[in-house]
2 protein chains.
Amino acid sequence: MMKIYDWYTGPYPARVRIALGELGLQSQVEFESIDLWKGEHKTPAFLEKNYSGTLPVLELEDGTLIAECTAITQYLDALGDKPLLTGTTPLEQGIIHMMNKRAEIEFLDAVSVYFHHSTEGLGPDVELYQNDEWGQRQRDKAVRGMRYFDGVLKQQPYVAGQTFTMADIAVIGGMIFAELVDLAVPEECEALLAWYAKVQERPSVQNRLALSAPNPVPA
Amino acid sequence: MMKIYDWYTGPYPARVRIALGELGLQSQVEFESIDLWKGEHKTPAFLEKNYSGTLPVLELEDGTLIAECTAITQYLDALGDKPLLTGTTPLEQGIIHMMNKRAEIEFLDAVSVYFHHSTEGLGPDVELYQNDEWGQRQRDKAVRGMRYFDGVLKQQPYVAGQTFTMADIAVIGGMIFAELVDLAVPEECEALLAWYAKVQERPSVQNRLALSAPNPVPA
């Protein structure tokens, strides 16, 4: 049995949970909760598992650790007979990886920096250094990113083209994080909002929290 | 003929130039210089090619544009009969993507932020916003990253294991950028320095600048 270290409501953990659902691999993993709000991802023990101190991390049966959502998704997607999320042709692979990275740097990661630097973030015990001006800049970048992806989705049904891929999941991560920090999508981003309404109907997205949660669920 | 938009001395362009050399694809691309020092990567015309305003960008014969080093490398590596840089098994793919991303966030990207925010960077006409405190933090992060990769390379010959991969190229990018900004590798990082001496002997690394340069070469 593989194990995933994550926190059930986290936007980055959501990416791998959605990938698991899309690939039908839910039953092949167990989850171990790492409480972000207590900073459990920054303890020396956890940093041994992932130097970057981020969630999620996948642990294989032999103890091999794979961190980073893109890497975990690439691994899981390659387990099957045919990749579903990362492309089959060189062109598909290239475009999906480009749009996935763009979703990170222009949207999801920018929202994350805003959260950690310009809001209370995970609280004073975890946020040991904040740079509010940088965080505000990243918030503005994220909103520009929303407008960019709105433009993309005016041209094509999914972020990397005609099918749902890892790149859509990265933008979903951005939308989840934006909701958590009350960063509204501009009303005029109709294509982005319509795409989000559509992808939220996918079972992988709907069921992601239920895959596992700490017991008892925090208030 | 494929085209690459880049700047010949750039650390990120170096990543794709090295990948081309490793894959033996040098003769299949032509280069168009985008002068970073004049901010040509931030012009509206170039932002149409790459929303993020970064180099390099690969343009296929049909006009398709692929930005982001990882995506370009993934594309080029998939063109051949067998991937050489991005792994063949799911496990190899996962580990290589993890270490590649870790090399970016913990080292190369951190050096880049330091350059753009805490030094003169590309000059006042290009660096329209600087956050020196953030840049200094990223410099410190990059030096920690050097120590981390030194530890990795004490355990194994290459960044992602037993063979030279995309992840090594990302760390090479970090080393190239660190040299440009006079950010010294701590002397005690003997494994990192030995690895770097070794990989610098590869023709792909030695010949990267000669693949193309603006004519005349800037002073």
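Fair warning: this is a prediction, and the values are worked out from it, not measured in the lab.

Chemist: How should I be thinking about helix α6 (residues 166–180) of chain A in this particular structure?
Modeler: Side chains of residues three or four places apart in an α-helix project in the same direction, reflecting 3.6 residues per turn. All names here are of chain A. Taking 1.5 Å of rise per residue, the 15 residues of α6 would be expected to cover 21 Å, and the 21 Å separating its terminal C-alpha atoms lies within 8% of that figure. Across the 15 residues that make up α6, a large majority, 13, are buried. Backbone geometry just after α6 places Asp182 at a positive phi near 55 degrees.

Chemist: Just checking my understanding: could you explain the relation of the copies chain A and chain B for this structure?
Modeler: For the pair of chain copies, the relating transformation is a rotation about an axis with a translation along it. In screw terms, the move from chain A to chain B is a rotation of 180 degrees and a rise of 0.0 Å along the axis, fitting with an RMSD of 0.0 Å. The transformation relating the two chain copies, once decomposed into turn and shift, fits a two-fold axis. Among all residues of chain A, the one whose C-alpha sits closest to the rotation axis is A:Trp134, at a distance of 3.7 Å. Looking at chain A, 100% of its interface residues are interface residues in chain B too, so the copies touch through the same face.

Chemist: So what exactly am I meant to see when it comes to the interface of chain A and chain B here?
Modeler: How big an interface is tends to be reported as the loss of accessible area on association of its parts. Of the residues lining the interface, 37 residues belong to chain A; the matching set on chain B comes to 37 residues. Between chain A and chain B, roughly 3300 Å² of surface is buried when both sides are summed, and carbon and sulfur atoms account for 62% of that area. The largest per-residue losses of area from chain A upon contact with chain B belong to A:Tyr51, A:Tyr129 and A:Trp134, which jointly make up 21% of the total buried on that side. Our enumeration of links across chain A and chain B arrives at four salt bridges. For B:Lys101, the salt bridge identified is with A:Glu68, shortest N-O distance 3.6 Å.

Chemist: Mind showing me how you'd approach the packing of aromatic side chains here?
Modeler: Scanning the entire structure with this criterion turns up 21 aromatic pairs over all chains. Judged by centre distance (6.2 Å) and plane angle (85 degrees), the ring pair of A:Tyr158 and A:Phe164 falls under edge-to-face. With respect to burial, A:Tyr158 and A:Phe164 carry one shared label: buried. Over the aromatic face of B:Tyr129 sits the side chain of A:Arg137, whose NZ or CZ is 3.6 Å from the ring centroid. The cationic tip of A:Arg202 hangs over the ring face of A:Phe164; the distance from NZ or CZ to the ring centre is 3.8 Å.

Chemist: Is there a simple way to think about the nonpolar core in this case?
Modeler: Soluble, globular proteins show a tendency: their nonpolar side chains are buried together. The biggest cluster of nonpolar side chains holds 146 residues, and the ones touching the most others in it are A:Trp195 and B:Trp195. Beyond its immediate sequence surroundings of up to four residues, A:Trp195 is in contact with A:Leu153, A:Pro157, A:Tyr158, A:Val159, A:Asp168, A:Val171, A:Ile172 and A:Met175. The next biggest cluster of nonpolar side chains, apart from the first, holds six residues, and it includes A:Val113, A:Trp134, B:Val113 and B:Tyr129.

Chemist: Whenever I open this one, unusual backbone geometry confuses me. Can you help?
Modeler: Working note: non-glycine residues mostly have negative phi, and peptide bonds are mostly trans. Cis geometry marks the peptide bond from A:Leu55 to A:Pro56, where omega comes out at 0 degrees. Relative to the helices and strands, A:Pro56 resides in the loop between α2 (44–49) and β3 (57–59). A positive phi is found at A:Glu68, a non-glycine position, where the angle reads about 80 degrees. With respect to the helices and strands, A:Glu68 occurs in the loop between β4 (65–67) and α3 (69–78). Positive phi outside glycine occurs at B:Asp182, with the angle close to 55 degrees. Looking at the secondary structure, you find B:Asp182 in the loop between α6 (166–180) and α7 (190–199). Given a relative accessible area of 71%, B:Asp182 falls into the exposed group.

Chemist: Would you explain the pairing of strand β2 (residues 29–33) of chain A in this entry?
Modeler: Side-chain positions along a regular strand alternate between the two faces of the sheet. Residue and element names in this part refer to chain A. In this sheet, β2 lies alongside strand β1 (residues 2–6) in parallel orientation, the contact comprising five bridges. By the bridge assignment for β2, Lys3 is matched with Glu30. For the segment spanning β1, helix α1 (residues 11–23) and β2, crossover handedness is right-handed.

Chemist: Would you mind showing me how to read the sheet that holds β4(A) here?
Modeler: Strand pairs in the sheet, formed through backbone hydrogen bonds, run parallel or antiparallel to each other. Residue and element names in this part refer to chain A. Spatial strand order, β2-β1-β3-β4: four strands in an open sheet with mixed pairing. A strand with exactly one partner marks an edge of an open sheet, and here the two such strands are β2 and β4. Here the strands of the sheet are splayed against their neighbours by 25 degrees on average, with no regard to which way each runs. Pairing of β3 with β4 involves three bridges; the strand directions are antiparallel. Within the sheet, the bridge partner assigned to Glu59 lies in β4 and is Leu65. Taken strand by strand, α1 contacts β1 and β2, and its axis lies near 150 degrees from that of β1. Most of the contacts of α3 go to β4, to which it runs at about 125 degrees, and overall it touches β1, β3 and β4.

Chemist: I'm lost on the packing of helix α5 (residues 132–155) of chain A against helix α7 (residues 190–199) of chain A in this one. Help?
Modeler: A pair of packed helices is captured by two measures, namely the crossing angle of their axes and the spacing between those axes. Residue and element names in this part refer to chain A. It is at 7 Å that the axes of α5 and α7 come closest, and there the two elements cross at 75 degrees. The angle between α5 and α7 places the two elements in the roughly perpendicular class. For the pair formed by α5 and α7, the contact residues are Met146, Phe149, Asp150, Leu153 and Lys154 on the first element and Glu190, Ala191, Leu192 and Trp195 on the second. Looking at the contact of α5 with α7 residue by residue, the class counts come to six nonpolar, no polar and three charged.

How each quantity is defined
- Residues numbered from 1 in each chain as written.
- Chains lettered and ligands numbered in written order.
- Predicted model: local features only at pLDDT ≥ 70, side-chain atom pairs only at ≥ 80, totals over all residues.
- Heavy atoms only, no water.
- Helix = DSSP H or I, 4+ residues; strand = E, 2+ residues; numbered from the N terminus.
- Expected span 1.5 Å × (residues − 1).
- Buried < 20%, exposed > 50% of the residue type's maximum accessible area, 1.4 Å probe, protein only.
- Least-squares fit on C-alpha atoms with pLDDT ≥ 70 in both.
- Contact = heavy atoms within 4.5 Å.
- Buried area = accessible area lost by both parts, 1.4 Å probe.
- Salt bridge = Lys/Arg side-chain N within 4 Å of Asp/Glu carboxyl O.
- Phe/Tyr/Trp six-rings, centres within 6.5 Å; stacked < 30°, edge-to-face > 60°.
- Lys NZ or Arg CZ within 6 Å of the ring centre and 35° of its normal.
- Core = buried A, V, L, I, M, F, W, Y, C linked by side-chain atoms within 4.5 Å.
- Pairing = 2+ DSSP bridges.
- Right-handed = clockwise from strand over helix to strand, strands pointing away.
- Axes fitted to C-alpha atoms, helices over the stretch in contact; angles between N-to-C directions.
- Parallel < 35°, antiparallel > 145°, perpendicular 65-115°, else oblique.
- Nonpolar A, V, L, I, M, F, W, Y, C, P; charged D, E, K, R; others polar.

Keep in mind these numbers describe shape, not what the thing actually does.
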